[in-house]
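In case you want the letters, here they are:
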Amino acid sequence: MRNTRHLVGWLFLVLALLLPAHASLAQEPPPAKRVYMVLWRGETEMERGFRDYLEEQGLAVDYTVRNLDQNLAGLPDLVAEIKRERPDLVYSWGTSVTQNLVGTLGSTDPDRHVTDIPTVFIFVTDPVAAGIVEDLDRPGRPLTGTSHMAPLDSQLNAMEAVLPLKKLGNIFNAAEANSRLYAEKLAQVAEGHGIQVLNRPIPQNEQGQPMADAIPALLDTMVADGVDCLYIGPDSFLGRNAATFTQAALERGLRTFAATEQPLRGGKALMGLVSSYYNLGRFTAAKAKRILADGTPPGEIPVETLRRFTFLVNMDVARQLDTYPPMSVLRFTEALNAPTTTAR
């Protein structure tokens, strides 16, 4: 009996020593998720929205950020690093980066591409046309993501609500696969609206890169051709040169319509039907959370675009061009650089 009591006493002592250790282990937070970001032109509002959303959701994340600075030559080294580090998620910015990072359908090479690590892409204009996914609803591959473009029909309707539109000019960077595809699609959709599209590629130098100093001559051509509006599509090169490009267009009296925020908020574009970069980042982060926190396979998460877009009008440019949206449109417009009034 005495031995039994002695044994029970020892068991209680052991349990007393072990339980606090187990309790402390149970209270330890899970390790932070590792997200590897591959950027094209540095950090944008999209990345801020992405980080903010995951932080608000209480998800601890360690970020590795690599910027290609608009040069795909550095991508093989990043792919090698991703394969070594094996992060929990890869974040891929833009069409060209994503095509070369994960490969396109029918030409994926496990030696050159990331094929077995969950990936979310952002700011891809047309994932199907770009060969990134076959089906938006079920990507199938270990990736998903978001597009940022309002439907072209909606963009053309917005232009037509403000301008008599029969001839639309489009200057684009033919060195970007995304821009070439979009120029073709723009012409096809515009034909259904009875609109002629004048697609003009930017001349390239001997290295195959677009020449910014060739843009003024292209703008002069658009003026001579009598375009009713100049379209600024989802083109990274024009986005980087948005301030000078849109200023040069304004000096020539060209009305400009932008498909993305940058030429409006960072340049002198007249108007555009756009998605918020910040909101797009948050929307993409919601998909990332399903992968990181819920364990959902990315290939089962639909590729989507935002459901709400903003019609932006740069009022300072509108005054200079004497071109104002009708009141029926202004009611649904976010006005940039609008004059403020002070109550007296």
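Each value, and the rule that gives it
- Residues numbered from 1 in each chain as written.
- Predicted model: local features only at pLDDT ≥ 70, side-chain atom pairs only at ≥ 80, totals over all residues.
- Heavy atoms only, no water.
- pLDDT = per-residue confidence, 0-100.
- Contact = heavy atoms within 4.5 Å.
- Buried < 20%, exposed > 50% of the residue type's maximum accessible area, 1.4 Å probe, protein only.
- Helix = DSSP H or I, 4+ residues; strand = E, 2+ residues; numbered from the N terminus.
- Pairing = 2+ DSSP bridges.
- 1 Å grid on protein atoms, 1.4 Å probe; cavity = no way out; pocket = protein on both sides within 12 Å on 5 of 7 lines; lining within 4 Å.
- Points joined across faces, edges and corners; volume = space filled by probe spheres on them.
- Nonpolar A, V, L, I, M, F, W, Y, C, P; charged D, E, K, R; others polar.
- Phe/Tyr/Trp six-rings, centres within 6.5 Å; stacked < 30°, edge-to-face > 60°.
- Lys NZ or Arg CZ within 6 Å of the ring centre and 35° of its normal.
- Axes fitted to C-alpha atoms, helices over the stretch in contact; angles between N-to-C directions.
- Parallel < 35°, antiparallel > 145°, perpendicular 65-115°, else oblique.
- Left-handed = near helix turned anticlockwise from the far one by under 90°.

Caption draft 1: Structural view of the confidence of the model for the protein. Across the protein, the average pLDDT comes to 90, with 90% of residues at or above 70. Note that pLDDT drops below 50 for residues 340-344; the model gives that stretch zero contacts with residues more than four away or on any other chain.

Caption draft 2: Structural detail: the pairing of strand 10 (residues 271-274). Burial along strand 10 is two-sided: the residues Met271 and Leu273 and Gly272 and Val274 are all buried. Across two bridges, strand 9 (residues 256-258) lies against strand 10 in parallel orientation. Note that in strand 10 the partner of Ala258 across the bridge is Gly272. Relative to strand 12 (residues 310-314), strand 10 is paired through four bridges, and the arrangement is antiparallel. For Val274, the partnering residue across the bridge sits in strand 12 and is Thr310.

Caption draft 3: Quick peek at empty space enclosed by the protein. Scanning the model with the defined rule gives two cavities of 30 Å³ or more in all. The volume enclosed by the largest cavity comes to roughly 200 Å³. As for the largest cavity, its lining consists of 23 residues, of which Phe123, Glu176, Pro234, Asp235 and Ser236 are closest to the centre. Looking at the lining of the largest cavity, the elements with two or more residues in it are helix 4 (95-102), helix 8 (236-240) and helix 10 (262-265).

Caption draft 4: The arrangement of the layout of surface pockets in detail. In this structure, the largest pocket spans a volume of roughly 340 Å³. Looking at the lining of the largest pocket, the elements with two or more residues in it are helix 4, helix 6 (177-191) and helix 8. Considering every element that reaches the lining of the largest pocket, the biggest residue donor is helix 4, with three residues. In terms of residue class, the lining of the largest pocket is built from six nonpolar, seven polar and three charged. Roughly 280 Å³ of internal volume is contained in the second largest pocket. If you trace the second largest pocket, you find 15 residues lining it, with Thr125, Asp126, Ser147, Met149 and Lys185 closest to the centre. Where the lining of the second largest pocket is concerned, the elements lending two or more residues are helix 6 and strand 11 (304-305).

Caption draft 5: Summary view of the packing of aromatic side chains. Under the criterion given, the structure shown has five aromatic pairs. Arranged with centres 6.3 Å apart and planes meeting at 15°, the rings of Tyr182 and Tyr231 form a pair that is stacked. On the criterion of sequence distance, the pair formed by Tyr182 in helix 6 and Tyr231 in strand 8 (residues 229-232) is long-range, its members being 49 residues apart. For the residue pair Tyr182 and Tyr231, the accessibility class agrees, reading buried in each case. Put simply, the rings of Trp93, Phe123 and Tyr277 pair up and form one aromatic cluster. Its guanidinium or amino end placed over the ring of Phe283, Lys287 lies 5.1 Å from that ring's centre, counting from NZ or CZ.

Caption draft 6: Local environment of the sheet that holds strand 9. The sheet built from seven strands is open, its strands ordered 7-6-8-9-10-12-13 with mixed pairing. Of all the strands in the sheet, the pair left with one neighbour each is strand 7 (196-201) and strand 13 (333-336). Neighbour-to-neighbour, the strand axes of this sheet turn through a mean angle of 25°, independent of strand direction. The strands touched by helix 6 are strand 6 (167-172), strand 7 and strand 8; relative to strand 6, the strand with the most contacts, the crossing angle is about 175°.

Caption draft 7: Local environment of the packing of helix 3 (residues 75-85) against helix 4. Between helix 3 and helix 4, whose axes approach to 10 Å, the crossing angle comes to 55°. Taken together, the axis directions place helix 3 and helix 4 in an arrangement best described as oblique. Relative to helix 4, helix 3 is oriented so that their crossing is right-handed. The segment helix 3 lies against helix 4, with Leu75, Val79 and Ile82 engaging Val97, Asn100 and Leu101.

Caption draft 8: Representation of the packing of helix 5 (residues 152-162) against helix 6 in the model. Here helix 5 crosses helix 6 at 65°, and the two axes come no closer than 10 Å. Like other packed secondary-structure pairs, helix 5 and helix 6 cross with a definite hand, here right-handed. Of helix 6, the residues touching helix 5 (which contributes Leu152, Asp153, Gln155 and Leu156) are Tyr182, Lys185, Leu186, Val189 and Ala190. Residue classes in the contact of helix 5 with helix 6 are distributed as six nonpolar, one polar and two charged.

Caption draft 9: Layout of the environment of Gly281. Considering the arrangement of structural elements, one finds Gly281 in helix 11 (residues 277-292). Between the C-alpha atoms of Gly281 and Pro203, which are 78 residues apart in sequence, the distance is 33 Å. Those residues in contact with Gly281, other than ones at most four positions away along the chain, are Met46, Gly49, Phe50 and Ile122.

Caption draft 10: Expanded view of unusual backbone geometry. Unlike most non-glycine residues, Asp69 shows phi in positive territory, near 55°. Along the chain, Asp69 falls in the loop between strand 2 (61-67) and helix 3. Judged by its relative accessible area of 58%, Asp69 is exposed. Phi at Arg86 is positive, roughly 45°, even though this residue is not glycine. A residue is classified by how much of its surface remains accessible, and Arg86, at 40% relative accessible area, is partly exposed.

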